[in-house]
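As a plain string of letters, each chain reads:
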Amino acid sequence: MRIALSQLTTGPDPERNLLLVEEWTRRAADAGARAVVFPEATMACFGTPLAPLAEPLDGPWADGVRRIAAATGTVVVAGMFTPAAGGRVANTLLATGAGVEASYDKVHLYDAFGFRESDTVAAGSATTVIDVDGVRLGLATCYDIRFPELFRAHADAGAVATLLGASWGAGPGKRDQWELLARARALDATVWLAAVDQADPGTDAGAGSAPTGIGHSRVVGPDGTVRHALGAGPELLVADLDVDEVAAVRQRLSVLANRRPEVWGR
């Protein structure tokens, strides 16, 4: 399966960001990608008041993504914000196009490194997998990458890959953590991991606590090896995922089959 990771920088204006989604999706479709993955907060960057911008999944921004997916014949996965109870929003990944219509609300909220996502965002409570051309893919968002259980849940649901959108916070050691965690989560669950971050907007690491992206998107194989990686700036990564490799790796490295849930009580 050919996928594309759209490492771009979005701003506070949803309409302008939708134009970027259209531009980058067309580029990916021209390169033969079947699924085009955008970062977390594609609709509007963090550091923007989110509640006034949030829209339901049948609202105009999501419908704009649907039109782009239909026009290009691709599945588009993009981060947006949807209304939630108590004046908060959900940090949502929309997946739409080519017979796919699904969404994932970020389960693990980024209350770390001086930022409290839970002040404005309500946590999701369920995993999401989608099927693209008969290939099952899990969905994850940013801080989720620190929690291996989610990726194993994708594998248990039949996924051979996880698509992860991020707006990774800058700071000392954060790039090293991003790169290590991407490899670890692929290896934990023996899945392909396609992790796309917002490009580095060029701000100083200490300019604010909102996570705005560092780039360095990557595709990691089910054996934990990095197959493709980008630098810090805006760039489109197109990669082919060998679906059959997952079964081959799981035959050699049976970490899923060798689990002992009865020992841990779950």
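It should be noted that the structure appears before, not after, this text.
Let us look at the structure shown here. (Residues numbered from 1 in each chain as written. Predicted model: local features only at pLDDT ≥ 70, side-chain atom pairs only at ≥ 80, totals over all residues. Heavy atoms only, no water.)

A short note on the environment of Asp-63
Tracing the sequence through the fold places Asp-63 in helix α2 (residues 60-72). We classify Asp-63 as partly exposed; its relative accessible area is 29%. Considered as a pair, Asp-63 and Ala-166 are 103 residues apart in the sequence and their alpha carbons are 22 Å apart. (Helix = DSSP H or I, 4+ residues; strand = E, 2+ residues; numbered from the N terminus. Buried < 20%, exposed > 50% of the residue type's maximum accessible area, 1.4 Å probe, protein only.)

Let's talk about the sheet that holds strand β14 (residues 226-229)
Across the sheet, 6 strands lie side by side as β9-β10-β11-β12-β13-β14; this open sheet has mixed pairing. With partners counted over all chains shown, the strands left at the sheet margins are β9 (129-132) and β14, one partner each. Put simply, the sheet's adjacent strands are angled 20 degrees from each other on average, direction ignored. The sheet strands contacting helix α3 (residues 148-156) are β9, β10 (135-141), β11 (161-166) and β12 (192-197), and the helix crosses β10 at an angle near 165 degrees. (Pairing = 2+ DSSP bridges. Axes fitted to C-alpha atoms, helices over the stretch in contact; angles between N-to-C directions. Contact = heavy atoms within 4.5 Å.)

Considerations on the nonpolar core
If you look at soluble globular proteins, the nonpolar side chains tend to sit buried side by side. Counting 48 residues, the largest nonpolar core has Ile-145, Leu-164 and Leu-193 as its most contacted members. Not counting residues up to four positions away in its chain, the partners in contact with Ile-145 are Phe-151, Leu-164, Trp-168, Trp-178, Leu-181, Ala-182, Arg-185 and Leu-193. Judged by nonpolar contacts, the second largest core, of 33 residues, contains Ala-4, Val-36, Phe-46 and Phe-115. (Core = buried A, V, L, I, M, F, W, Y, C linked by side-chain atoms within 4.5 Å.)

What about the side chain of Gln-198?
If you trace the backbone, Gln-198 turns up in the loop between β12 and β13 (218-220). Accessibility expressed as a relative area gives 1% for Gln-198, which makes it buried. A polar atom in the side chain of Gln-198 sits 2.8 Å from the side chain of Thr-10. (Polar contact = N/O pair within 3.5 Å; in protein donor to acceptor, adjacent residues only side chain to side chain.)

Function cannot be read off these values alone, since they describe shape.
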